[in-house]
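# Tertiary structure, described
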Amino acid sequence: MLEDGIDLLGVVTYAGYLDPIAQSGHVMRGYKNPAIPRGSHWQTVRLMAALGLLCHRDCPGKLLGQPPTAWATVPSLPATPQPQTHPLNEMVRQLARQGGHEVVLEAKGHVQNPRAINASHFTVRADSARGRHILLIDDTWTGGGHATSAAMGLKAAGATHVSVLVLARWLSIGWEATTTAWAKRALTAPDFRPDVCPWTQGSCP
Ligand SMILES: [Zn+2]
């Protein structure tokens, strides 16, 4: 997956509908559900985003040798007919430093298979990505198609590095038996561990 435009993949936590991560699955779906008032789901996801973005701000730059100088979020694909702000974009915008440079990705209106990896699914406005290390944020990583296509779009627009921070890596029962077995074996910590670096899954670089 990493050969397709993503230089570095950071994961804040895991989500799905299997124990011990079932609750995080509900949170990751709930925070962007317009039918649910913004309360604990929103605050939980915002805390995870703040942890990944603010506490580990320097980590991708140390690992790749060039600090990130811009951020982007992965928009919905295909694009909605009436453009609307994605909750994740709104959240990251609030957390970004004043004057932080946003690279706006635009999603195609019609695509055959949104989950497929395709550099033409997302394009970048003007020349905003050229020469930059871009921190690309997505809320969930399932098969990785959206984030990978978005990273390829950024690279096509001249980005030198793309580091992807996903707030939750989605693990699904049924479609990947080995993943489920791994999750049950590996994800035994009863609580979220804020001291684990999303970029190394260990200590910060
Ligand atoms: Zn770190």
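Residues numbered from 1 in each chain as written. Predicted model: local features only at pLDDT ≥ 70, side-chain atom pairs only at ≥ 80, totals over all residues. Heavy atoms only, no water.

Moving on, we get to the coordination of the zinc ion. Ideal coordination angles are 109.5 degrees for a metal with four donors arranged tetrahedrally and 90 or 180 degrees for a metal with six donors arranged octahedrally. Taken together, H56 (ND1), C59 (SG), C197 (SG) and C204 (SG) make up the protein donors of the zinc ion, found 2.2 to 2.4 Å from the metal. Taken together, the four donor atoms surrounding the zinc ion define angles of 89 to 119 degrees at the centre, an arrangement classified as tetrahedral. All donors of the zinc ion come from a single chain, and their spacing in sequence reads H-x2-C-x137-C-x6-C. Of this pair, H56 sits in the loop between α2 (40-55) and α3 (59-64) while C204 is found in the segment after α6 (177-186), placing the two residues 148 residues apart along the sequence. Of the residues examined, C204 reaches a relative accessible area of 40% and is grouped as partly exposed. (Donors = N, O, S within 2.8 Å, 3.2 Å for Na, K, Ca; no water. Tetrahedral: all angles 85-135°; square planar, octahedral: opposite > 155°, others 65-115°. Helix = DSSP H or I, 4+ residues; strand = E, 2+ residues; numbered from the N terminus. Buried < 20%, exposed > 50% of the residue type's maximum accessible area, 1.4 Å probe, protein only.)

Bringing unusual backbone geometry into the picture now. Following L77, the chain continues to P78 via a peptide bond in cis, the omega torsion being -5 degrees. Its place among the elements puts P78 in the loop between β2 (70-73) and α4 (87-95).

It is worth spelling out the side chain of T73 at this point. With respect to the helices and strands, the residue T73 is situated in strand β2. Looking at T73, its side chain comes within polar contact range of the side chain of N89, at 2.9 Å. Those residues within four positions of T73 in sequence are excluded, and the remaining contacts are L88, N89, V92, L105, L136 and I137. (Polar contact = N/O pair within 3.5 Å; in protein donor to acceptor, adjacent residues only side chain to side chain. Contact = heavy atoms within 4.5 Å.)

Rolled over the atoms, a probe sized like a water molecule indicates the empty space that remains. A volume near 630 Å³ is recorded for the second largest pocket. Lining the second largest pocket are 23 residues, and of these P75, S76, Q84, T85 and H86 lie nearest its centre. Along the lines of polarity and charge, the residues of the lining of the second largest pocket split into eleven nonpolar, seven polar and five charged. (1 Å grid on protein atoms, 1.4 Å probe; cavity = no way out; pocket = protein on both sides within 12 Å on 5 of 7 lines; lining within 4 Å. Points joined across faces, edges and corners; volume = space filled by probe spheres on them. Nonpolar A, V, L, I, M, F, W, Y, C, P; charged D, E, K, R; others polar.)

Turning to the packing of α2 against α4, a few remarks are in order. One way to put it is that α2 packs onto α4 with a least axis distance of 10 Å and a crossing angle of 50 degrees. The angle between α2 and α4 falls in the class oblique. In this structure, α2 meets α4 at a crossing whose hand is right-handed. Together, W42, V45, R46, A49, A50, L53 and L54 of α2 and P87, E90, M91, V92, Q94 and L95 of α4 make up the contact between the two elements. Broken down by class, the residue content of the contact of α2 with α4 amounts to ten nonpolar, one polar and two charged. (Axes fitted to C-alpha atoms, helices over the stretch in contact; angles between N-to-C directions. Parallel < 35°, antiparallel > 145°, perpendicular 65-115°, else oblique. Left-handed = near helix turned anticlockwise from the far one by under 90°.)

In contact at an axis separation of 9 Å, helix α1 (residues 22-30) and α2 are set at 100 degrees when each is read in the N-to-C sense. One finds that α1 runs roughly perpendicular with respect to α2. For the pair α1 and α2, contact is made by H26, V27, M28 and G30 and by H41, T44, V45 and M48, respectively. Here the residues of the contact of α1 with α2 are counted per class, giving four nonpolar, four polar and no charged.

Let's shift gears to the sheet that holds strand β6 (residues 161-171). The strands that make up a sheet pair up through hydrogen bonds in the backbone, lying either parallel or antiparallel. Overall, parallel pairing links the four strands, which are arranged β1-β6-β5-β2 in an open sheet. Lying at the two open borders of the sheet, with one neighbouring strand each, are β1 (8-16) and β2. Adjacent strand axes in the sheet meet at a mean angle of 15 degrees, parallel and antiparallel pairs treated alike. Of the pairings in the sheet, the one linking β1 to β6 comprises eight bridges and is parallel in character. Its bridge partner lying in β6, Y14 is registered against R169. (Pairing = 2+ DSSP bridges.)

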